[in-house]
Amino acid sequence: MKRIIVTSCLFLALSLTTQAQIFKLGLKGGINYANQTGTDININSTNYKTEAISNYHIGLLAEVKLGKVFSIQPEVLYSTQGAKYDAIDVAKDFTNDIGYLSIPVMVKINFSNTFSLEFGPQASFLLSKKNEVSTNSIKNQEDVDFGAGGGLSIHITKSLFLQGRYVVGLSEISPDAKVKNSVLQISAGLLF
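The paragraphs below set out a description of the structure included in this document. (Residues numbered from 1 in each chain as written. Predicted model: local features only at pLDDT ≥ 70, side-chain atom pairs only at ≥ 80, totals over all residues. Heavy atoms only, no water.)

From N to C terminus, the protein chain includes two helices and ten strands. Reading the helices (α) and strands (β) of the protein chain from amino to carboxyl end gives α-β-β-β-β-β-β-β-α-β-β-β. Burial statistics for the protein chain: of 192 residues in total, 40% are counted as buried. The long-range share in the protein chain, meaning contacts at least 24 apart out of those at least 6 apart in sequence, stands at 64%. When the accessible surface of the protein chain is totalled, it reaches about 10600 Å², and 66% of it is carbon and sulfur. (Helix = DSSP H or I, 4+ residues; strand = E, 2+ residues; numbered from the N terminus. Buried < 20%, exposed > 50% of the residue type's maximum accessible area, 1.4 Å probe, protein only. Contact = heavy atoms within 4.5 Å. Areas by Shrake-Rupley, 256 points an atom, 1.4 Å probe, with all protein chains shown as cover.)

Here it is as structure tokens:
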């Protein structure tokens, strides 16, 4: 009887250890270097060029191992993006700050215990927007932005990591201005 109890306890401990290695939860946050680009940025008969702005992102992630080489990393982030719009002809400059609930699902290729490459789709849902000037094009912003991302993760320890990712928008966020989001994200995170 003792042998069965000891064997069961060892099996349970091994099972819990294996599960912890397969699935991990974590937190991450960092800075965004965001811009909005388009072939023809013309808002209310004014031509604009955009400049990148710095913002932030913060959220939760999960890492699910699919063997030694591959893993899936879904995330839920609050990400602030946007751009500074400089009027070419007149003095109507403004900054377009946008808050999104971003849900990237990254496929990770683990080259070692330290380095991994990641890529995958991202859906972002508009939560907030604020800009210094009222324009019809920016007011009519689309509520969903689809994008594709890719990047590199560096695990400093088993729990602590650094991550760099570039996300390019695939959908126009404003049908009148033909504008797409792009963002470079630098993150630090912790896995539990």
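Another point: the layout of surface pockets. Approximately 510 Å³ is the volume found for the largest pocket. Lining the largest pocket we find 18 residues, and of these K24, K65, S112, N113 and K158 sit closest to its centre. Broken down by secondary-structure element, the contributors of at least two residues to the lining of the largest pocket are β4 (53–65) and β7 (115–131). Looking at the lining of the largest pocket, its residues break down into four nonpolar, nine polar and five charged. (1 Å grid on protein atoms, 1.4 Å probe; cavity = no way out; pocket = protein on both sides within 12 Å on 5 of 7 lines; lining within 4 Å. Points joined across faces, edges and corners; volume = space filled by probe spheres on them. Nonpolar A, V, L, I, M, F, W, Y, C, P; charged D, E, K, R; others polar.)

Relative to the helices and strands, G151 is located in strand β8 (residues 144–155). The class of G151 is buried, set by a relative accessible area of 13%. Placed 14 residues apart in sequence, G151 and R165 show a C-alpha to C-alpha distance of 4.0 Å. Beyond its immediate chain neighbours, meaning those up to four positions away, G151 contacts S116, L117, E118, G164 and R165.

Turning our attention to the nonpolar core. In terms of nonpolar packing, the biggest core is built from ten residues, these being Y48, A83, Y85, A87, F94, I98, Y100, L126, I173 and V179. Those elements that place two or more of their residues in this core are β5 (70–87) and β6 (94–110). (Core = buried A, V, L, I, M, F, W, Y, C linked by side-chain atoms within 4.5 Å.)

This paragraph deals with empty space enclosed by the protein. All told, the structure shown has one cavity of 30 Å³ or more when counted by the stated rule. Its volume calculated, the largest cavity comes out at about 50 Å³. If you trace the largest cavity, you find it lined by Q81, Q122, S124, D145, F146, G147, V167, G169, N181 and V183. Elements with a minimum of two residues in the lining of the largest cavity: β7, β8, β9 (160–169) and β10 (180–191).

Turning to the side chain of S79, a few remarks are in order. Tracing the backbone shows S79 in strand β5. Owing to a relative accessible area of 0%, S79 belongs among the buried residues under this scheme. One polar contact links S79 to Q81, side chain to side chain, over a distance of 3.2 Å. Leaving out residues up to four positions away in the same chain, S79 has contacts with N32, Y56, H57, I98, G99, Y100, S102 and Q185. (Polar contact = N/O pair within 3.5 Å; in protein donor to acceptor, adjacent residues only side chain to side chain.)

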